[in-house]
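Residue-level structural notes
Residue strings, one per chain:
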Amino acid sequence: MGTQTIRDLVLGMADGLTVPFALAAGVTGAVAASGIVLTAGLAEIVAGAISMGLGGYLAARSEAQHYAKEYAREIRETEEIPAEERAEVAQILHGYGVREPILTRVVNEITSDREQWVEFMMRNELGLEKPDERAAPRSAALVGGGYVLGGIFPLAPYAFISVAHDALLWSIAFTSVALFAFGAVRARVLSTPLVTGALAAWLTGALAAGAAYGLARLVSHT
């Protein structure tokens, strides 16, 4: 599984676990019927998945457009100011430890093919890799799907337990386990301490749900 795929799934699940959980807790603080909580939660998951998926799509499209813009600029510069661009290639290679007489030969080889030349500059001068043309729709699907997957955990108990406050207890348990697991996986991907990552993910969800529940209870009693 690629880094981009993991990043998109993590992005979707991070919000999918916390936002529906907070919403369910908040609505539970104001109503007693699980059906109302479930309906509100499912509506939020659909809206959230669409919004997050669209955000992932636009982010990937923006990355592709930025790459295309910079690629066109590098093409233009190799045509209009080739001497300066060749000097930049030499400077980059010199930074990698390439010295004369090999340096000139390597520069000549790289700049002998314009596409190869431009791709070298994109990668080594600008730090940009050519994005996958299918990245935008795939990112939308992964982010949106991750959001839906994350939202299942806090809402599942409301589908089987009719009393909202009883369902909330199971929702807390399910979501806590999911948040701990998610935080540990994310920490592993980011090469950070597992325990710290798991606790941070759980604390984020707990604070959001607690604030939403308390606010709903306060409003419902005024």
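These notes cover the structure that comes with them.

Analysis parameters
All residue numbers here refer to positions counted from 1 along the written sequence of the relevant chain. With the structure being a predicted model, the display of local features is reserved for residues of pLDDT at least 70 and the display and counting of side-chain atom pairs for 80 or more, all residues being used for whole-chain, interface and lining totals. Only hydrogens and water are set aside when side-chain values are computed; all heavy atoms of the structure are taken into account. The helix and strand labels rest on DSSP assignments: H or I over at least four residues marks a helix, E over at least two residues marks a strand, and numbering proceeds from the N terminus. Between the two quantities, the radius of gyration covers C-alpha atoms and the globule rule is 2.2 Å times the number of residues to the power 0.38. The buried label applies to any residue whose accessible area, calculated with a 1.4 Å probe on protein chains only, is under 20% of its type's maximum; exposed applies above 50%, and partly exposed to all values in between. By salt bridge we mean one thing: a side-chain nitrogen of Lys or Arg within 4 Å of a carboxyl oxygen of Asp or Glu. Each patch groups residues whose relative accessible area exceeds 30% and which form no salt bridge, using 9 Å between like charges and 5 Å between nonpolar side chains of Val, Leu, Ile, Met, Phe, Trp and Tyr. Computed by Shrake-Rupley with a 1.4 Å probe, the accessible areas treat only the displayed protein chains as cover when residues are assessed. The definition of a nonpolar core used throughout is a set of buried Ala, Val, Leu, Ile, Met, Phe, Trp, Tyr and Cys residues joined through side-chain atoms within 4.5 Å. Whether two residues touch is decided by their heavy atoms; if any such pair falls within 4.5 Å, the residues are in contact.

Looking only at helices and strands, the protein chain features eight helices and zero strands. Here the C-alpha radius of gyration of the protein chain, 25 Å, is well above what a compact globule of 222 residues would show, namely 17 Å. Overall, the C-alpha framework of the protein chain stretches about 80 × 30 × 30 Å when taken along its three principal axes. Scored against the burial criterion, the 222 residues of the protein chain give a buried share of 35%.

With the rule as written, the count across this model stands at three salt bridges. With a shortest N-O distance of 3.6 Å, Glu74 and Arg73 are connected by a salt bridge. Overall, Arg73 belongs to the partly exposed group, its relative accessible area being 24%. Within the structure, one salt-bridge network assembled from shared partners comprises Glu70, Arg73, Glu74 and Glu77.

The grouping of Val148, Leu149, Ile152, Phe153, Trp170 and Phe174 at the surface amounts to a nonpolar patch, some 540 Å² of accessible area in total. Looking at the nonpolar patch, the elements with two or more residues in it are helix 6 (135-155) and helix 7 (164-190). Looking at which element gives the most residues to the nonpolar patch, the answer is helix 6, with four residues. Inspection of the secondary structure puts Phe174 in helix 7.

Here we come to the nonpolar core. Of all hydrophobic cores here, the largest spans 10 residues; its members are Ala24, Ala25, Val27, Val37, Ile45, Leu155, Tyr158, Ala164, Ala167 and Leu168. Mapped by element, the contributors of at least two residues to this core are helix 1 (3-28), helix 2 (34-80) and helix 7. Those residues in contact with Val37 that lie beyond four places of it in its chain are Ala24, Val27, Thr28, Val31, Leu155, Tyr158 and Ala164. Counting residues in hydrophobic clusters, the runner-up holds nine residues, among them Ile92, Leu93, Trp117 and Phe120.

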